[in-house]
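# Commentary on secondary and tertiary structure
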Amino acid sequence: MDKVAVYPGSFDPITYGHIDIVERALEIFDKVIVAVAHNAEKRPLFSTEERRKIIKALFKDNRNVIVDSFKGLLVDYVAKTNAKVIIRGLRATSDFEYEFHMASMNRSLNTHLDTLFMMTNKDYFFVSSRTIKEVAKLGGGVEGLVPDLVSRRLKEKFKLPIPKKSQIGWDD
Ligand code: PNS
């Protein structure tokens, strides 16, 4: 039977740090479900559907990556899949407390599930979706930290000029 893990997150937007975690998780699991949280409390820049579409486009050539979205409790979503493991990336000690609380809460909600933490690649320690959005909004370059598709979508959102040849539709 396939070993499956769920990699949940806001992915607003997905960065190379996230992508690196997916790729490394695929060394351990047969399939990884990237699960975009609907997350009604946060006001994301990209809608759930936009985030799902971006990630789907980025992994379109990898049959072992499934892209989905979910509402409500993560553990309820994971229980509906055939995964037993939740993957989270850890950048620095500052991530630890939040992640520790979340993993402990999830474990108390469903003792059949476990959280597996993977250290973020050192090249992306300083990369977060929040800082990417802030830099992109102010016209700073985020190339090398997010895929080109994400960089173009950010420019569209912030109404910044996009080189003509890279104006492609959402479904590309
Ligand atoms: O990328 P993020 O914002 O750090 O991801 C956080 C996420 C989406 C994994 C977390 O907020 C979550 O699991 N939300 C779903 C609601 C839930 O299950 N909350 C209880 C966990 S303590």
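Here is a short report on the structure shown in this document. (Residues numbered from 1 in each chain as written. Predicted model: local features only at pLDDT ≥ 70, side-chain atom pairs only at ≥ 80, totals over all residues. Heavy atoms only, no water.)

The next point concerns a nonpolar patch on the surface. The grouping of Leu-73, Met-105 and Leu-109 at the surface amounts to a nonpolar patch, some 290 Å² of accessible area in total. Within the fold, Leu-73 resides in the loop between β3 (65-70) and α3 (74-80). (Patch = residues over 30% accessible without salt bridge, like charges linked within 9 Å, V, L, I, M, F, W, Y side chains within 5 Å. Areas by Shrake-Rupley, 256 points an atom, 1.4 Å probe, with all protein chains shown as cover. Salt bridge = Lys/Arg side-chain N within 4 Å of Asp/Glu carboxyl O. Helix = DSSP H or I, 4+ residues; strand = E, 2+ residues; numbered from the N terminus.)

The immediate surroundings of the ligand are formed by 14 residues, with Ser-10, Ala-37, Lys-42, Leu-74 and Arg-88 found nearest. The backbone of Leu-74 places a nitrogen or oxygen atom 2.7 Å from an oxygen atom of the ligand. Contacts to the ligand include Arg-88, whose side-chain N or O atom sits 2.8 Å from an oxygen atom. Contact with the protein chains removes 76% of the 550 Å² of surface that the ligand exposes when unbound. A total of four residues in the shell around the ligand trace back to one element, the largest contributor, which is helix α4 (residues 93-109). (Near = heavy atom within 4 Å. Polar contact = N/O pair within 3.5 Å; in protein donor to acceptor, adjacent residues only side chain to side chain.)

Of all six residues that make up strand β1 (residues 4-9), six are buried, and the element is covered over most of its length. Burial of β1 is two-sided: the residues Val-4, Val-6 and Pro-8 facing one way and the residues Ala-5, Tyr-7 and Gly-9 facing the other way are all buried. The pairing of β1 with strand β2 (residues 31-37) spans six bridges and is parallel. In the sheet register, Ala-5 faces β2, and the bridge partner there is Val-32. Regarding the hand of the β-α-β motif, the stretch spanning β1, helix α1 (residues 16-25) and β2 is right-handed. (Buried < 20%, exposed > 50% of the residue type's maximum accessible area, 1.4 Å probe, protein only. Pairing = 2+ DSSP bridges. Right-handed = clockwise from strand over helix to strand, strands pointing away.)

A separate point is the environment of Leu-138. On the secondary structure map, Leu-138 appears in the loop between α5 (129-137) and α6 (148-157). On the basis of relative accessibility, which here comes to 72%, the residue Leu-138 falls in the exposed class. As a C-alpha pair, Leu-138 and Phe-158 span 20 residues in sequence and 8.7 Å in three-dimensional space.

Right, let's get into the nonpolar core. With 33 residues, the main nonpolar core has Ile-14, Ile-55, Ile-87 and Leu-154 as its most contacted residues. Going through the elements one at a time, β1, α1, β2, α2 (48-58), β3, β4 (85-90), α5 and α6 are the ones with two or more residues in this core. Among the elements that line this core, the one with the most residues is α1, at four residues. The residues touching Ile-87, leaving out its near neighbours within four places in the chain, are Ala-5, Val-6, Tyr-7, Pro-8, Ile-21, Ala-25, Phe-29, Leu-116 and Met-118. (Core = buried A, V, L, I, M, F, W, Y, C linked by side-chain atoms within 4.5 Å. Contact = heavy atoms within 4.5 Å.)

In this section: unusual backbone geometry. The amide bond that connects Asp-12 to the next residue, Pro-13, takes the cis arrangement and shows omega of 0 degrees. Note on placement: Pro-13 falls in the loop between β1 and α1. The phi torsion at Phe-11 lies on the positive side, around 50 degrees, for a residue other than glycine. With respect to the helices and strands, Phe-11 occurs in the loop between β1 and α1. By relative accessible area, Phe-11 is classed as buried at 3%. In this structure, Lys-159 is a non-glycine residue whose phi angle is positive, near 55 degrees. Within the fold, Lys-159 resides in the segment after α6.

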